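Coordinates in review
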Amino acid sequence: MTQKFTAAHWGTYEIHGTGEATNLAPLPRDPYPARIGAGWLDAVRDPSTRIARPAIREGWLKGRDRARAGDASFVEVPWDEALDITAQELSRVIDTHGNGSLFAGSYGWAAAGRFHHAQSQLRRFLNTVGGYVGSANTYSHAGAEVILPYLVGQSNRAFQDSMTSWSLVAEHCELLVAFGGVSKRAAQVTSSGTTMHETQDWLDKAHANGCEVVNISPLRSDVADHVKADWIAPRPGTDCALILALAHELFTHGHADQGFLARCTNGAKLFEDYVMGADGTAKSADWAAEICDIPAATIRDLAARMARSKTMINLSWSLQRADHGEVTLWAGMALACVLGQIGQPGTGFAFGYGSTEPVGRPHRLINWPSVPQGKNPIDDFIPVARLAEMLAHPGGSYPYDGQRKVYPDIKMIWWSGGNPFHHHQDLAQLDRLWQRPDTIVVMDHSWTATARRADIVLPTTSALERDDVMINRRDPALVYMSAAIDPVGEARNDYDIFAGLATRMGTHAAFMKGRSSQDWLAMLWDECAEVAVQNGFKLPTFDAFREMGIFDIPDTPEERIQLQDFVADPDRFPLNTASGRIEIHSAAIAQMTLPDCPPLPIWQAPAEWLGAATAGQVHLISGQPDTRLHAQNDNGPTSMATKTRGRETCTVHPKLAAQHGLSPGDVILIHNDRGACLAGVHISDALRPDTIALPTGAWLDLRVLNGTPTCVHGNPNMLTLDKGSTGLSQGNVAHTALVSITKWDGPLPDITVHQPPVILPR
Ligand SMILES: Nc1nc2c(c(=O)[nH]1)N[C@H]1C(S)=C(S)[C@@H](COP(=O)(O)OP(=O)(O)OC[C@H]3O[C@@H](n4cnc5c(=O)[nH]c(N)nc54)[C@H](O)[C@@H]3O)O[C@H]1N2
Ligand SMILES: Nc1nc2c(c(=O)[nH]1)N[C@H]1C(S)=C(S)[C@@H](COP(=O)(O)OP(=O)(O)OC[C@H]3O[C@@H](n4cnc5c(=O)[nH]c(N)nc54)[C@H](O)[C@@H]3O)O[C@H]1N2
Ligand SMILES: [Mo]
């Protein structure tokens, strides 16, 4: 029997077991298999969290009410009836209010396969019925997506693709200054799948080769202990001030590379003037020491080390998921320009080493085809994280990327393959605004907090229940994903659900093009074969690929040095920016006259930070979880094993624990004006005493306790701030939040979100 495989955003697995899979084993070639994978199969097979049959919220079915509380009852209906009701409602909304009242941004990570990609299928379908209002950019790095074209004339995607290769960092870099660290935790994940995890391996190689690592982060664990990084822990959200002070030191001691600044940048003199104090304040080490709450000597020492070393400055993506986050990114790039090491092997500037696995991978990139989505006749969209504001202010106007946009009036929301009641900030507010549309359709395989707040719930298969292909331009292998288990309950593939809806909407031919899913896979493979030939190699036949499971692309190693040509000859290879240079000053951004996004990277205090905290407040870091992908697999054994008394575990410094009389295993209430959550206590000195760390992804289990909306399970987005990072990108600011903590001595409320909702028979 030939070995079968499957893949997820966190890795590729051998399917073990006869008939239904009994185990998913990481590939032997993978040096650092993801911890996340161990909980996958059990999470997906868990009957209490799977949506077994189509379900309609009782209140909506009986009287079209909008009381979408997380504890609503649902009525199960047969597929035909569910599809009839959905199609009728979709037609009603389109006929009465137009397609511009249908929001289907549907942001989220869904599954890794190329064909059964939830959002692509949704968009393909809706494009056949007149379109929808979409969303632009990502929760991951909206700030970078919008600002990078102004700074370097490249999209974020192109910038990620051209990032200097890890192999060159390992070989040449003497000092890796890592803002937000480089963690094995976040590097478990690759959008669209991966056959290996190498980031930690590369970091280990750099370390073994004598590269010193400086971890600038509130958490020591953002760099693995054995790398022996120096740890500098500024107040969260103050990196921009630290970066400016490092530049100030370089200018002051004649260590600025004025030649590089003159040749390769625009506006360097304005930046130098600002840093040196033209506005009345020198951005000195002493100045930043106050803001960042670290010793001035540490800043001076770091600047001196950077000046005498081959230095790479890396910013993790987290730094721009914060108030004014894109400005911090800009400052980081400006600092790298002052140092003048951009365009050289293993030094300069990087964005996102460690934030996902493939960033900086020394492999050739191949642009594989994807399933065509068709064209959306509606050109309206919102910046992805402005969801709640859109629901609150139909007709309201706001700035975005140099434009003034107007929020649409949304009557229907359709979400497939994402979980806004995981990913959005200030969930109590979203919960209130979620009651506004007439109708909400959710497609998912599990009873997520979002599915529980839908009117129509259509159960999909998970990636383990269908054949698909992992074809990812950043990976050196292609994987045929075989079904590992039978569909759970009456779950259907997203594609088949839309096929049923398209029949009812009269767009069956346009949506399906007469093809089954297997036909689409074969067609995709044929298109891939053409791309392979253009790239100088041959793919096996589709049947042979299905048999072999993994196809290793030949000759994939390829090293890159970001901006190498440009730096070597800026006149011959100008950047696609207004000046043709790296823009340390941007006239285009100046013209936008945004109060919160100046034309230079300058320090602005964030909306919430420790420098303006009231007594007792601490900063909340809610980074990505080690044991799951966002909220996926939270119900599985790997995630559950790290909970404390069933709740998400929050890391608290011993000093803070002492102040509050906390012991390991206690439960705390974390609260602010927006809401609260309960979390278990883990005590560790590996973070700043005035900072707590609560990973994202505990399924929202919302109650009102003592008058306050409270997640009894530990979802940090009860506490985070929902605002645009600036009027430029409108990115989310998940890492900008002040909270207070109190020991919880009351009875512990049950966690019910891993149990199914009340299901009524038809
Ligand atoms: N506080 C805080 N919040 C954050 C962040 C943070 O750092 N801090 N990070 C943000 C970031 S960067 C991101 S990317 C977001 C992530 O937010 P999301 O991507 O929305 O989170 P997931 O839990 O991955 O949601 C994916 C959903 O798709 C479903 N799914 C899986 N397979 C299929 C399928 O085949 N079909 C369908 N229809 N559904 C499927 C899963 O069950 C799951 O519910 O969170 C953001 N939120
Ligand atoms: N295991 C796992 N890995 C993942 C994901 C997952 O869900 N699980 N999600 C993936 C996705 S969608 C994304 S977008 C990436 C995100 O990748 P990142 O943005 O790199 O991940 P985070 O965990 O949000 O943040 C990394 C670290 O930044 C630090 N940090 C937070 N605020 C500040 C600050 O103000 N200054 C400094 N210097 N450091 C700060 C925190 O200590 C945090 O541990 O992760 C990906 N990887
Ligand atoms: Mo993300």
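Residues numbered from 1 in each chain as written. Chains lettered and ligands numbered in written order. Predicted model: local features only at pLDDT ≥ 70, side-chain atom pairs only at ≥ 80, totals over all residues. Heavy atoms only, no water.

1. Considering the sheet that holds strand 5 (residues 74-76)
Taken in spatial order, the seven strands line up as 6-17-18-19-4-5-32 in an open sheet, and their pairing is mixed. This sheet does not close on itself; its edge strands, each paired only once, are strand 6 (102-103) and strand 32 (759-760). Two elements, strand 4 (residues 55-57) and strand 19 (residues 456-459), share two bridges in a ladder whose sense is antiparallel. Looking at strand 19, one finds that alanine 55 is bridged to valine 457. The strands touched by helix 3 (residues 79-97) are strand 4, strand 6, strand 17 (412-416), strand 18 (439-444) and strand 19; relative to strand 19, the strand with the most contacts, the crossing angle is about 130 degrees. (Pairing = 2+ DSSP bridges. Helix = DSSP H or I, 4+ residues; strand = E, 2+ residues; numbered from the N terminus. Contact = heavy atoms within 4.5 Å. Axes fitted to C-alpha atoms, helices over the stretch in contact; angles between N-to-C directions.)

2. Some points on unusual backbone geometry
Its identity is not glycine, yet lysine 228 carries a phi of approximately 55 degrees, on the positive side. Within the secondary structure, lysine 228 sits in the loop between strand 9 (212-216) and strand 10 (230-232). In this model, histidine 630 sits at a positive phi of 55 degrees, which is unusual for a non-glycine residue. Checked against the element boundaries, histidine 630 lands in the loop between strand 24 (618-621) and helix 24 (637-640).

3. Topic: the layout of surface pockets
A volume near 1,200 Å³ is recorded for the second largest pocket. Around the second largest pocket, the lining is made up of 38 residues, and of these Thr138, Arg157, Ser191, Ser192 and Arg474 lie nearest the centre. Listed by contribution, the elements that provide at least two residues to the lining of the second largest pocket are helix 4 (118-128), strand 7 (134-136) and helix 6 (156-161). For the lining of the second largest pocket, the residue count by class is 10 nonpolar, 22 polar and six charged. (1 Å grid on protein atoms, 1.4 Å probe; cavity = no way out; pocket = protein on both sides within 12 Å on 5 of 7 lines; lining within 4 Å. Points joined across faces, edges and corners; volume = space filled by probe spheres on them. Nonpolar A, V, L, I, M, F, W, Y, C, P; charged D, E, K, R; others polar.)

4. A closer look at the pairing of strand 19
Alternating positions in strand 19 separate into two faces, Ile456 and Leu458 on one and Val457 and Pro459 on the other, with burial throughout. Bridging between strand 18 and strand 19 involves four bridges; their strand directions are parallel. The residue bridging valine 442 from the neighbouring strand is valine 457, located in strand 19. (Buried < 20%, exposed > 50% of the residue type's maximum accessible area, 1.4 Å probe, protein only.)

5. Side note on the site of ligand 1
Every one of the 35 residues lining ligand 1 counts as a neighbour, but His423, Asp444, Arg466, Gln632 and Asn717 are closest to it. One of the side-chain nitrogen or oxygen atoms of histidine 445 is found 3.3 Å away from an oxygen atom of ligand 1. Arginine 466 places a polar side-chain atom, nitrogen or oxygen, 2.8 Å from an oxygen atom of ligand 1. Elements that contribute at least two residues to the shell around ligand 1 include exactly helix 16 (420-423) and strand 18. Partitioning the shell around ligand 1 into residue classes produces 10 nonpolar, 21 polar and four charged. (Near = heavy atom within 4 Å. Polar contact = N/O pair within 3.5 Å; in protein donor to acceptor, adjacent residues only side chain to side chain.)

6. A word on the pairing of strand 2 (residues 11-16)
Where a strand is regular, its side chains alternate between the two sheet faces. In terms of burial, strand 2 is largely enclosed, as five of its six residues are buried. Here strand 1 (residues 4-8) folds back onto strand 2, and the loop between the two strands holds two residues. Relative to strand 3 (residues 23-26), strand 2 runs antiparallel, the two being bridged by four bridges. Its bridge partner lying in strand 3, histidine 16 is registered against asparagine 23.

7. Structural notes on the packing of helix 4 against helix 18 (residues 494-505)
The interhelical angle for the contact between helix 4 and helix 18, taken along N-to-C directions, is 10 degrees, at an axis separation of 10 Å. By the angle between their directions, the pair helix 4 and helix 18 is classed as roughly parallel. Contacts between helix 4 and helix 18 pair Ala118, Gln121, Leu122 and Phe125 from the former with Asp494, Tyr495, Phe498, Leu501, Ala502 and Met505 from the latter. For the contact of helix 4 with helix 18, the per-class residue count stands at eight nonpolar, one polar and one charged. (Parallel < 35°, antiparallel > 145°, perpendicular 65-115°, else oblique.)

8. Regarding the sheet that holds strand 13 (residues 348-351)
Here five strands make up an open sheet; going across it, the order is 10-9-8-12-13 and the pairing parallel. Because the sheet does not close on itself, it has two edges, and the strands there are strand 10 and strand 13. Taken over all neighbouring pairs, the strand axes of this sheet differ in orientation by 20 degrees on average, direction set aside. Two strands pair when backbone bridges link them, and strand 8 (residues 175-179) and strand 9 are joined in this way by five bridges, in the parallel orientation. Within strand 9, the position partnered with valine 177 by the bridge is valine 214.

9. Section: the site of ligand 2
The full set close to ligand 2 counts 31 residues, and Asp222, Gly237, Asp239, Arg321 and Pro625 are the nearest of them. Between an oxygen atom of ligand 2 and a side-chain N or O atom of aspartate 222, the distance comes to 2.5 Å. Here ligand 2 loses 98% of its free accessible area of 910 Å² to cover by the protein chains. Across the shell around ligand 2, the residue classes break down as 13 nonpolar, 13 polar and five charged. Counting contributing residues per domain, the shell around ligand 2 is built from domain 2 (142-364 + 562-592) and domain 3 (610-743), each supplying no fewer than three. (Areas by Shrake-Rupley, 256 points an atom, 1.4 Å probe, with all protein chains shown as cover. Domains from an automatic or database assignment.)

10. Comments concerning the domain arrangement of the protein chain
When cut into domains, the protein chain gives domain 1 (52-137 + 371-470 + 477-552), domain 2 (142-364 + 562-592) and domain 3 (610-743). One C-alpha centre belongs to domain 1, the other to domain 2, and the line joining them spans 36 Å. Domain 1 puts 11 residues into the contact, and the matching count from domain 2 is 13 residues. Carbon and sulfur atoms supply 65% of the area that domain 1 and domain 2 bury against each other, a total of about 940 Å² over both sides. Our count for the contact surface shared by domain 1 and domain 2 stands at zero salt bridges. Its residues assigned to classes, the side of domain 1 that touches domain 2 comprises seven nonpolar, three polar and one charged. (Buried area = accessible area lost by both parts, 1.4 Å probe. Salt bridge = Lys/Arg side-chain N within 4 Å of Asp/Glu carboxyl O.)

11. Concerning the packing of aromatic side chains
Counted under the stated rule, the structure contains 28 aromatic pairs. What links up through ring pairs into an aromatic cluster is the set Phe115, Phe125, Trp414, Tyr495, Phe498, Phe511 and Trp520. In this structure, arginine 124 packs its charged tip against the face of phenylalanine 511, placed 5.0 Å from the ring centre. The ring of tryptophan 520 has arginine 515 sitting right over it, with the charged end atom 4.6 Å from the ring centre. (Phe/Tyr/Trp six-rings, centres within 6.5 Å; stacked < 30°, edge-to-face > 60°. Lys NZ or Arg CZ within 6 Å of the ring centre and 35° of its normal.)

12. Section: the side chain of arginine 452
Along the polypeptide, arginine 452 turns up in the loop between strand 18 and strand 19. Here arginine 452 sits buried without a salt bridge, and the closest side chain of opposite charge, aspartate 701, lies 7.2 Å off (N-O distance). A distance of 2.7 Å separates a polar side-chain atom of arginine 452 from the backbone oxygen of glutamine 755. Beyond its immediate stretch of four places on either side in the chain, arginine 452 contacts Ala69, Gly70, Ala72, Phe74, Trp447, Thr752, Val753, Gln755, Pro756 and Pro757. (Lys, Arg positive; Asp, Glu negative; His and termini not counted.)

13. What about the environment of phenylalanine 537?
Checked against the element boundaries, phenylalanine 537 lands in the loop between helix 20 (517-534) and helix 21 (542-548). Residue phenylalanine 537 is classed as buried on the basis of its relative accessible area, which comes to 8%. Considered as a pair, phenylalanine 537 and threonine 96 are 441 residues apart in the sequence and their alpha carbons are 53 Å apart. Not counting residues up to four positions away in its chain, the partners in contact with phenylalanine 537 are Arg364, Ile366, Trp368, Ala532, Phe551, Ile553 and Pro554.

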